[in-house]
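# Coordinate inspection notes
Here are the chains, one letter per residue:
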Amino acid sequence: MPDNSYSAIRSYCQFDKMNTAQLKEILRRDSQLPENEDSDMDAILYIMDVIAKRGEDCAEFTNAEKAWDIFNESYSIQESDGKSLYEFDSDELNQTASLDRDRQPNTRHFRGLLRVAVIAAILAATLLIGTVSAYAMGYDLWGAVADWTKDIFSFTTVSEEKFYGEAGIVDALNTIDLIEYGVTERVLPTWLPDGYKYSGSDLFEKSARTVIRYFYTRDNSEICVSIVVLSSPTMRHIEKNDSDVIIYTAGNTEHYIMNNLEETNIAWVTGNCECSIIGDFSIEEAKQIIDSIY
Amino acid sequence: MKNTRRTVCIALILVFALGMGTTASAALTASQHLASYEAQVWGIGSGDICIWYDVVGTGTMDQIGATEIVLQQKVAGSTVWANVKTFDLVSYPNMLGTNRMAYTHTEYYYSGIAGYSYRAYVMIYAGKGGSGSYRQFTTNVAVAT
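Residues numbered from 1 in each chain as written. Chains lettered and ligands numbered in written order. Predicted model: local features only at pLDDT ≥ 70, side-chain atom pairs only at ≥ 80, totals over all residues. Heavy atoms only, no water.

Backbone geometry places leucine 261 of chain A, a non-glycine residue, at a positive phi of 55°. Position of leucine 261 of chain A among the secondary structure elements: in the loop between strand E7 (253-260) and strand E8 (263-270). Residues other than glycine seldom take positive phi values, yet asparagine 99 of chain B does so here, at roughly 50°. Turning to its location among the elements, asparagine 99 of chain B is positioned in strand E4 (residues 96-104). (Helix = DSSP H or I, 4+ residues; strand = E, 2+ residues; numbered from the N terminus.)

Turning next to the confidence of the model for chain B. Reading predicted coordinates in detail is not appropriate for stretches of low pLDDT. All names here are of chain B. In this model, chain B carries an average pLDDT of 85, and 79% of its residues clear a pLDDT of 70 or more. Least confident of the elements in chain B is helix H1 (residues 2-26), whose mean pLDDT is 55; most confident is strand E6 (residues 117-128), at 95. Between residues 20-27, whose pLDDT stays under 50, and residues either more than four places distant or in other chains, the model counts six contacts. (pLDDT = per-residue confidence, 0-100. Contact = heavy atoms within 4.5 Å.)

Applying the stated rule across the entire model yields eleven salt bridges over all chains. In this structure, aspartate 54 of chain B and arginine 213 of chain A form a salt bridge, with 2.7 Å as the shortest nitrogen-oxygen distance. Placement of the pair is aspartate 54 of chain B in strand E2 (residues 48-74) and arginine 213 of chain A in strand E3 (residues 209-218), with the two residues belonging to separate chains. Given the relative accessible area of 1%, arginine 213 of chain A is considered buried. Across the salt bridge formed by arginine 236 of chain A and aspartate 54 of chain B, the nearest N and O atoms sit 2.4 Å from each other. (Salt bridge = Lys/Arg side-chain N within 4 Å of Asp/Glu carboxyl O. Buried < 20%, exposed > 50% of the residue type's maximum accessible area, 1.4 Å probe, protein only.)

The subject of this paragraph is empty space enclosed by the protein. Within this structure, the stated rule accounts for one cavity of 30 Å³ or more. The space that makes up the largest cavity amounts to roughly 40 Å³. Lining the largest cavity, in full, are Arg213, Ser226, Val228, Arg236, Ile238, Glu274, Cys275 and Ser276 of chain A together with Ser36 and Val56 of chain B. Counting only elements with at least two residues in the lining of the largest cavity, the list comes to strand E4 (221-230) and strand E9 (273-279) of chain A. At three residues, E9 of chain A tops the list of elements feeding residues into the lining of the largest cavity. Here the lining of the largest cavity is composed, by residue class, of four nonpolar, three polar and three charged. (1 Å grid on protein atoms, 1.4 Å probe; cavity = no way out; pocket = protein on both sides within 12 Å on 5 of 7 lines; lining within 4 Å. Points joined across faces, edges and corners; volume = space filled by probe spheres on them. Nonpolar A, V, L, I, M, F, W, Y, C, P; charged D, E, K, R; others polar.)

Here it is as structure tokens:
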């Protein structure tokens, strides 16, 4: 209540002298009081009583349809507000006076949440773009987040055309004629760690992929050499732990060496082939295997 | 000013919480059973779609392949993907190979509609000795021709 003197002396006769418009203005101002200021309920009740006795408001509602329209326009709560009509205090008189005030904090709260969400989205997008850009340039800006991208190794594009070298090494194994499937690069190792013996090969030829595999075994360990002839970019995921990928260049080709728990994976792309060697061998042995290809 | 500071604090907390979530999920990746995997869909004419996947284990696995494939379809110009077909082990037991280090080129076909887009979620699996690893792989998007 803007004027505290009214409630202090509990003499409301001054309200009787005011016209209805002035009284309504007092009610309106009361409804807009900040949350931490209390209304003088006695004065409010007195004013409402004065207005009711004058009967001016009743005249407005002689027509039921018009009254319903005014109610809908001024007081009806939209379904989308998600609020029940009965979520008010038990004091009915207080309900009417504070209806608008009740709505204000909700709107403010919603705007606050919206602002938080927008700022969070902008920060997240900035960090994401920054991290991706930094990675593209070879920098690790934020190791903790970037690590998850390191858990899966994959070749995203196959764009460069490579020199198609001699294919004599293909005949070394003499199991599958790789040239027949368009593999003209050196892709097969001629050295593997001691004890591994050739145990078989697989060939799967389909329109999108031709997969050629050679298997080698030693006791309970296995090495799998894969050559996948691509007709569309590879989407393969290669599992790895969070250790760094070692880039080892041989035969003018970059080979990527990584660990997946106890296993070591070698992956590279040459020509239209995606190749990998997977098995239980060390990083140094991986480099020797790569050197033996060329 | 006070409100702005509070808003920025809450936003930063949200961002770092997101980062912690992704870091936590990172710890789940390197696999004892799976070495590499890929899945693709492509159109083979007459509206038909082909689904293909290739899984390599870390050694000979009791079971290796895929346990479920959900094929989705999208009308040209739309942004809504709808599931149109699910392949599971009950109806397609050959989705998994046994006693192999790699399982390749198990293909499934679907009679689609020319001009519609298709993609698939493939649940990759490899297991041995009572334990196994799953990975969900989302294929490329192919337009049926």
